[in-house]
Amino acid sequence: SQQGEEDPQALSIQEGENATMNCSYKTSINNLQWYRQNSGRGLVHLILIRSNEREKHSGRLRVTLDTSKKSSSLLITASRAADTASYFCATNNAGNNRKLIWGLGTSLAVNP
Amino acid sequence: NAGVTQTPKFQVLKTGQSMTLQCAQDMNHNSMYWYRQDPGMGLRLIYYSASEGTTDKGEVPNGYNVSRLNKREFSLRLESAAPSQTSVYFCASSVGDAAYNSPLHFGNGTRLTVT
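Bear in mind the structure is a predicted one, so any value in this text is a computation, not a measurement. (Residues numbered from 1 in each chain as written. Chains lettered and ligands numbered in written order. Predicted model: local features only at pLDDT ≥ 70, side-chain atom pairs only at ≥ 80, totals over all residues. Heavy atoms only, no water.)

Enquirer: Whenever I open this one, the overall build of chain B confuses me. Can you help?
Expert: Helix and strand counts for chain B stand at zero helices and 11 strands. Ordering the α and β elements of chain B from the N terminus gives β-β-β-β-β-β-β-β-β-β-β. Principal-axis analysis of the C-alpha atoms gives chain B an extent of 35 × 25 × 25 Å. Burial statistics for chain B: of 115 residues in total, 49% are counted as buried. On chain B, roughly 5,000 Å² of surface is accessible, and the fraction owed to carbon and sulfur atoms is 49%. (Helix = DSSP H or I, 4+ residues; strand = E, 2+ residues; numbered from the N terminus. Buried < 20%, exposed > 50% of the residue type's maximum accessible area, 1.4 Å probe, protein only. Areas by Shrake-Rupley, 256 points an atom, 1.4 Å probe, with all protein chains shown as cover.)

Okay, structure coming up:
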């Protein structure tokens, strides 16, 4: 089945640095969502960006969407140790809005 | 406001045993979902319920049954557990009608091992 693909699979940075994760997908979408998952916990919604939007911000998070390249990026600025988690993108496909396609995630480690 | 609550948190079953995973949400959401998460496979939808009284199959429904007991509760039943069902199970809910135009709210999961 189609899947969003996050890149990189794993990322290790120092506190205070910025972290950028990318998500690519294969078909036209209604929206794209980013979620965070801390170890041993459920997923937490971060941002939903619709197909007619190009950029959204939430606190230290910035998400961009390029529908021509079928890709999105999640930027976390001034990272903290508490940002250590896995980050997943999920796409709601335009052809079948009753299906959410999940990526395999980027594992982010922020070192103190 | 607890959000989405799943019980139990951990469970070990022997092959062939049955069990029911419980999920309840207190956000008055219409839609509820059951996912499983396996290493290298990502999240896969087992069943969902777009509204009270309706349930539909997801990507991997075989070996599972669900009940939308009322608007708050959505249970997942394994009738005869198999080792392939060893996984982490997540329940989620959303305010919409399963068209994924609104965020999903997840519980903290049930870690199931089938020996």
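There is more to say, and it comes next.
Enquirer: Just to check I follow, could you spell out the pairing of strand β1 (residues 4-7) of chain B for this structure?
Expert: Two faces make up the sheet, and in a regular strand the side chains alternate between them. Residues and elements named next belong to chain B. Side chains Val4 and Gln6 project from β1 onto a buried face, and the interleaved Thr5 and Thr7 project onto a face without burial. As paired elements, β1 and strand β3 (residues 19-25) share four bridges and run antiparallel to each other. Following the sheet pairing, Thr5 is matched in β3 by Ala24. (Pairing = 2+ DSSP bridges.)

Enquirer: Sorry, what's going on with the sheet that holds strand β7 (residues 64-68) of chain B here?
Expert: Backbone-to-backbone hydrogen bonds pair the strands of a sheet. The strands run either parallel or antiparallel. All names here are of chain B. Spatial strand order, β1-β3-β8-β7: four strands in an open sheet with antiparallel pairing. At either margin of the open sheet sits one strand with a lone partner, and together these are β1 and β7. Within this sheet the neighbouring strands show an average axis-to-axis angle of 15°, counted without direction. Where β3 meets strand β8 (residues 74-78), three bridges bridge the pair, whose relative direction is antiparallel. Bridge pairing in β8 links Thr20 to Arg77. (Axes fitted to C-alpha atoms, helices over the stretch in contact; angles between N-to-C directions.)

So far we have only geometry, and geometry alone does not tell us how the molecule works.
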